[in-house]
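Tertiary structure, described
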Amino acid sequence: TFKVNSLGLSATIITAMTFVGLGARAIFSIPFGKLTDKTSYITSIIVGLFLRVGSFLILIFCSNETWFLFFGYIILADVSSAGTGMNFNNIIYSYVDPKYYAEAASLKNACKGLGSFFGALIGAAVLNLFGDEGIKFLGFDHFYCQQALSIISAVCVVICIINVQSSAIAELFVIFSKYL
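Residues numbered from 1 in each chain as written. Predicted model: local features only at pLDDT ≥ 70, side-chain atom pairs only at ≥ 80, totals over all residues. Heavy atoms only, no water.

1. Notes on the overall build of the chain
Looking only at helices and strands, the chain features 7 helices and 2 strands. The helix and strand sequence of the chain, counted from the amino end, reads α-α-α-α-α-α-β-β-α. Considering the chain as a whole, with its 180 residues, one finds that 30% of them fall into the buried category. In the chain, the share of contacts with a sequence separation of at least 24, taken over all contacts with a separation of at least 6, comes to 65%. (Helix = DSSP H or I, 4+ residues; strand = E, 2+ residues; numbered from the N terminus. Buried < 20%, exposed > 50% of the residue type's maximum accessible area, 1.4 Å probe, protein only. Contact = heavy atoms within 4.5 Å.)

Following this line, the structure appears as structure tokens:
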């Protein structure tokens, strides 16, 4: 309803935006694959997560006057998925003993499911606070729930980036300790 009611977009525009975003993901999947091959899964994940933060930052400024920014949000969000999507699955192969791949993938997917479930509950609670019309906040006449959720999401992704980078640093220590 945010896209239709708050941004005033038609179904045709929303479909076109989705198509462009998915096209961008398809185009950027190849460079992300090359980046992964040259560096590591973690590097591509970190780049993808930074792009996701960028997409959330764009969404913070989307309103009915700046609806065109939603194109940038869609494109960056989909391109970020090119960097994170399969790499979150493939990283299991770097850290898990082959006989435990199925268990590790199951655990990862269970955590992802719990995150989605609790994220939806938090989103619903925030939505109830804002209502359909939004609130006045930070100079915005209408600060909508989706904008607040974008701020929360950006902070959560930054925390994820910090966690992933600490894992990468730990991996480097393991690699270098072999040579000491």
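Once you've had a look at it, read on.
2. As for the nonpolar core
Counting residues in hydrophobic clusters, the biggest one holds 23 residues, and the most contacted among them are Phe2, Phe70 and Tyr73. Of all the secondary-structure elements, those providing two or more residues to this core are helix H2 (11-38), helix H3 (41-60), helix H4 (69-90) and helix H7 (145-177). If one sorts the elements of this core by residue count, H3 sits on top with 7 residues. Counting residues in hydrophobic clusters, the runner-up holds 5 residues, among them Phe130, Phe143, Cys145 and Ala148. (Core = buried A, V, L, I, M, F, W, Y, C linked by side-chain atoms within 4.5 Å.)

3. Re the packing of H3 against H4
Running from N to C, H3 and H4 cross one another at 155°; their axes reach a closest spacing of 8 Å. Here H4 runs roughly antiparallel to H3, going by the angle between their axes. In the crossing of H3 with H4, the sense of the turn from one axis to the other is left-handed. Residue composition of the contact of H3 with H4, grouped by class: 14 nonpolar, 11 polar and 1 charged. (Axes fitted to C-alpha atoms, helices over the stretch in contact; angles between N-to-C directions. Parallel < 35°, antiparallel > 145°, perpendicular 65-115°, else oblique. Left-handed = near helix turned anticlockwise from the far one by under 90°. Nonpolar A, V, L, I, M, F, W, Y, C, P; charged D, E, K, R; others polar.)

4. Side note on the layout of surface pockets
What the largest pocket holds in volume is close to 1100 Å³. Going through the elements one at a time, H3, H4, helix H5 (92-95), helix H6 (101-130) and H7 are the ones with two or more residues in the lining of the largest pocket. Across the lining of the largest pocket, the residue classes break down as 18 nonpolar, 10 polar and 2 charged. (1 Å grid on protein atoms, 1.4 Å probe; cavity = no way out; pocket = protein on both sides within 12 Å on 5 of 7 lines; lining within 4 Å. Points joined across faces, edges and corners; volume = space filled by probe spheres on them.)

5. Re H2
Taking 1.5 Å as the rise per residue, H2 with 28 residues should run 40 Å; its terminal C-alpha atoms sit 40 Å apart, in good agreement. The largest bend along H2 reaches roughly 35° and is located at Phe28, with the proline Pro31 sitting one to four residues downstream. (Expected span 1.5 Å × (residues − 1). Bend = angle between axes of the 7 residues up to and from the residue.)

6. A closer look at the side chain of Ser44
Following the sequence through the fold, Ser44 ends up in helix H3. Beyond its immediate stretch of four places on either side in the chain, Ser44 contacts Phe32, Leu35, Thr36, Gly83 and Asn87.

7. So, the state of the cysteines
A full pass over the atoms with the stated rule returns 0 disulfides. Left unpaired, Cys156 is separated from the closest cysteine sulfur, that of Cys160, by 9.4 Å. (Disulfide = S-S within 2.5 Å.)

8. Points about H6
Helix length check: H6, at 30 residues, gives a terminal C-alpha distance of 43 Å against a target of 44 Å (1.5 Å per residue), a fit within 8%. Along H6, the residues classified as buried are Gly123, Val126 and Phe130.

9. Considerations on the packing of H2 against H3
Interhelical geometry of H2 versus H3 gives an angle of 140° and a closest axis separation of 7 Å. Relative to H3, the element H2 lies oblique. Across from Phe32, Leu35 and Thr36 in H2, the residues of H3 making contact are Tyr41, Thr43, Ser44, Val47, Gly48 and Leu51. Counted by class, the contact of H2 with H3 contains 5 nonpolar, 4 polar and no charged residues.

10. Quick look at the side chain of Ser55
Take Ser55: it is sitting in helix H3. A distance of 2.6 Å separates a polar atom in the side chain of Ser55 from the backbone oxygen of Arg52. Leaving out residues up to four positions away in the same chain, Ser55 has contacts with Tyr73, Leu76 and Ala77. (Polar contact = N/O pair within 3.5 Å; in protein donor to acceptor, adjacent residues only side chain to side chain.)

11. Some words on a nonpolar patch on the surface
Taken together, the side chains of Leu114, Phe117, Phe118 and Leu121 define a hydrophobic patch exposed on the protein surface, amounting to about 420 Å² of accessible area. Within the fold, Phe118 resides in helix H6. Overall, Phe118 belongs to the partly exposed group, its relative accessible area being 45%. (Patch = residues over 30% accessible without salt bridge, like charges linked within 9 Å, V, L, I, M, F, W, Y side chains within 5 Å. Areas by Shrake-Rupley, 256 points an atom, 1.4 Å probe, with all protein chains shown as cover. Salt bridge = Lys/Arg side-chain N within 4 Å of Asp/Glu carboxyl O.)

Function cannot be read off these values alone, since they describe shape.
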